[in-house]
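Chain residues, written in single-letter form:
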Amino acid sequence: MEWTVLQVKHWLSDLSRIMQEKKEELSRYDQAIGDGDHGVNMARGFKEVEKVLAQEHDPHDIGWWFQTVSRILLSKVGGASGPLYGTVFLKMASVCKGKSVLTHEEWVTAFSEARQGLKMRGKAEPGDKTMLDVWEPVVRYMEQAKEQISWQMVKDIAEQSMIDTRAMVAKKGRASYLGERSRGHLDPGAVSSYYFFWTWAEQPWKGDGQ
């Protein structure tokens, strides 16, 4: 199955909507171990994304859309989330530049580049209790599954990986200052990453909207 520009825009719209709907939930998780503003920041950034999606101009370049989302998140989302999610979409844009459709293989390449960007930008590794603890297992599954990707497996792995951060001790960011006390709480970046992959894996069931 190939994804069209329209399907990508539908995904970005759904992602924008869910980040706004989950604003209080994400901030509540962040209040436990961080600055408490993850939800507010993500909602603000993706509200701006939604405005761009609603405009009439419609470049048939998926890379352009990802680069635009990156620019918005870098400028509108505060804290660590802006640079991290901005890096995600910037890396994806570099893979998707000039493309009007995306194959599974190209998606996997884009997500792999985004994962590497997260490692470099956040200087994090799996097990550090960050959003990478969702990205690593999900993308690794996609790399192994290739054309046989199960949408339900993507959602299941993302959800379980998010839940697994509860037992971890934070080693990065403000949460790391809590040491052992960070255990028992979900990482807010892992939660928003779960929604990232959940909305992505929902798209193939919705058709192309035409």
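Above this text you will find the structure in question.
Quick look at the structure, then. (Residues numbered from 1 in each chain as written. Predicted model: local features only at pLDDT ≥ 70, side-chain atom pairs only at ≥ 80, totals over all residues. Heavy atoms only, no water.)

One pass over the full model with this rule turns up 11 salt bridges. Across the pair Glu 21 and Arg 17 runs a salt bridge, and its minimum N-O distance is 3.2 Å. Taken together, the residues Glu 21 and Arg 17, both in helix α1 (residues 5–21) and four residues apart, mark about one turn of the helix. Given the relative accessible area of 52%, Glu 21 is considered exposed. A salt bridge links Lys 155 to Glu 202; its shortest N-O distance comes to 2.5 Å. Here Glu 202 lies in helix α9 (residues 188–202) and Lys 155 lies in helix α8 (residues 151–164), a separation of 47 residues in the sequence. One network of salt bridges, with partners in common, ties together Arg 115, Lys 119, Glu 136, Arg 140 and Glu 143. (Salt bridge = Lys/Arg side-chain N within 4 Å of Asp/Glu carboxyl O. Helix = DSSP H or I, 4+ residues; strand = E, 2+ residues; numbered from the N terminus. Buried < 20%, exposed > 50% of the residue type's maximum accessible area, 1.4 Å probe, protein only.)

A word on the packing of aromatic side chains. The geometry of two aromatic rings is summed up by the distance between their centres and the angle between their planes. The full count for this structure, using the stated rule, is 22 aromatic pairs. Consider the rings of Trp 64 and Trp 65, whose centres lie 4.8 Å apart with planes at 90°: the pair is edge-to-face. A relative accessible area of 1% places Trp 65 in the buried class. Taking the centre distance of 5.2 Å and the plane angle of 50° together, the rings of Tyr 194 and Tyr 195 count as tilted. (Phe/Tyr/Trp six-rings, centres within 6.5 Å; stacked < 30°, edge-to-face > 60°.)

All quantities given are derived from atomic positions and should not be read as evidence of function.
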